[in-house]
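# Examination of the molecular architecture
Below, each chain spelled out in residue letters.
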Amino acid sequence: TGVQTCALRSAMGGEAPLRFAVLDCEDAAKWDGHAIALSRLLSRAGERWEHFRCWNDERPATSELHTYAGLVITGSHHGCNDALPWIANLRAFLRTVVDVHPSVKVLATCFGHQLMAQALDGAAGPNPHGAFVLRRESMTCEDAMLAPHGSSSASSSMHSGCRSKIGRHTSELQ
């Protein structure tokens, strides 16, 4: 919102551009460039978008997280339960983002949202149907989903009472 934008710019010392990070979790050659394309799709004029190759253990510096308006975590052909060091490191990083810098917004897709669920003490596992699925579904947001992080009451949310029906894309990998 405008208020958040003004607060962030003020905290960053004037009219600094909004800063975002794309946390690229895909190292397969056939998907090369998808993170850059995603940032171009989401970006607006004057914003600063940075690309981090998480599969190469790159992440924004923890000491600079307060300067980011948001993070975008991409999908991956890897599974969130794969025993790869970069996945465990990224999961821990995401927990730090949420715990220490709750004002930083996070958008996660596919693998990214599964890893984010785990970082928040949730669970994610293989698709019980066994095959990769990509489709559009409808879902209804519960009030608790729309409440700000750390709020125990949906009534404190600016979305109080809102039960929006939204579309989402589902992808599941065995």
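Here goes a summary of the coordinates provided. Just so it is clear, the model here is predicted, and its values are computed rather than measured.

### Comments concerning the nonpolar core
- Judged by nonpolar contacts, the single largest core of 22 residues is most densely connected at Leu-23, Leu-71, Leu-90, Phe-93 and Leu-94.
- Among the elements of the structure, strand 1 (19–24), strand 3 (70–73), helix 3 (85–100) and helix 4 (111–119) are those that each provide at least two residues to this core.
- For this core, the leading source of residues is helix 3, giving 7 residues.
- Not counting residues within four places of it along the chain, the set of residues in contact with Leu-90 comprises Leu-23, Cys-25, Cys-54, Arg-59 and Leu-115.

### Here's the deal with the sheet that holds strand 2 (residues 48–53)
- With parallel pairing, the 4 strands of this open sheet are ordered in space as 2-1-3-4. Edge positions in the sheet fall to strand 2 and strand 4 (105–108), since each of these pairs with one other strand and no more. Neighbour-to-neighbour, the strand axes of the sheet open up by a mean angle of 20°, direction not taken into account.
- Inspection of the sheet shows strand 3 paired to strand 4 by 4 bridges, in the parallel sense. Across the sheet, the residue bridging to Ile-73 is Ala-108, located in strand 4.
- Strands strand 3 and strand 4 of the sheet are contacted by helix 4, whose axis makes an angle of about 125° with strand 4.

### A short note on a nonpolar patch on the surface
- On the surface, a nonpolar cluster with roughly 280 Å² of combined accessible area is contributed by Leu-41, Leu-42 and Leu-107.
- Secondary-structure assignment places Leu-42 in helix 2 (residues 34–42).

### Things to note about the packing of aromatic side chains
- For the structure on display, the rule yields 2 aromatic pairs.
- When the centroid spacing of 4.7 Å and the interplanar angle of 15° are considered together, the rings of Phe-20 and Trp-49 count as stacked. Residue Phe-20 is found in strand 1, and its partner Trp-49 is found in strand 2; the two are separated by 29 residues along the sequence.
- Looking at Phe-20, the relative accessible area reads 15%, which means it is buried.
- In this structure Trp-49 comes out as partly exposed when scored by relative accessible area, which is 22%.

Calculation rules
- All residue numbers here refer to positions counted from 1 along the written sequence of the relevant chain.
- Where totals are concerned, whole chains, interfaces and linings use all residues; where local detail is concerned, this predicted model gives features only for residues with pLDDT of at least 70, and gives and counts side-chain atom pairs only at 80 or more.
- Side-chain measures here rest on the full set of heavy atoms in the structure, leaving out hydrogens and waters.
- Buried Ala, Val, Leu, Ile, Met, Phe, Trp, Tyr and Cys residues form a nonpolar core when they are joined through side-chain atoms within 4.5 Å.
- Here the term buried applies to any residue with accessible area under 20% of the maximum for its type, exposed to any over 50%, and partly exposed to those in between, with areas from a 1.4 Å probe on protein chains only.
- Per the convention used, a helix needs a DSSP run of H or I reaching at least four residues, while a strand needs a run of E reaching at least two, with both numbered from the N terminus.
- Pairs of residues are marked as contacts when any of their non-hydrogen atoms sit within 4.5 Å.
- Strand pairing requires that DSSP identify at least two bridges connecting the strands.
- To obtain an axis, a line is fitted to C-alpha atoms, over the contacting stretch when the element is a helix, and the angle between two such axes runs from 0 to 180 degrees between their N-to-C directions.
- Note that patches include only residues with greater than 30% relative accessible area and no salt bridge, and the join distances are 9 Å for like charges and 5 Å for nonpolar side chains (Val, Leu, Ile, Met, Phe, Trp, Tyr).
- Areas reported here follow the Shrake-Rupley algorithm with a probe of radius 1.4 Å; residue values treat only the protein chains shown as occluding.
- When a carboxyl oxygen of Asp or Glu lies within 4 Å of a side-chain nitrogen of Lys or Arg, that pair is called a salt bridge.
- The pairing test for Phe, Tyr and Trp rings, Trp by its six-membered ring, is centres within 6.5 Å, and the orientation test on the planes gives stacked under 30 degrees, edge-to-face over 60, and tilted for anything in between.

Note that every value here comes from positions in space, so none of it alone points to a role or purpose.
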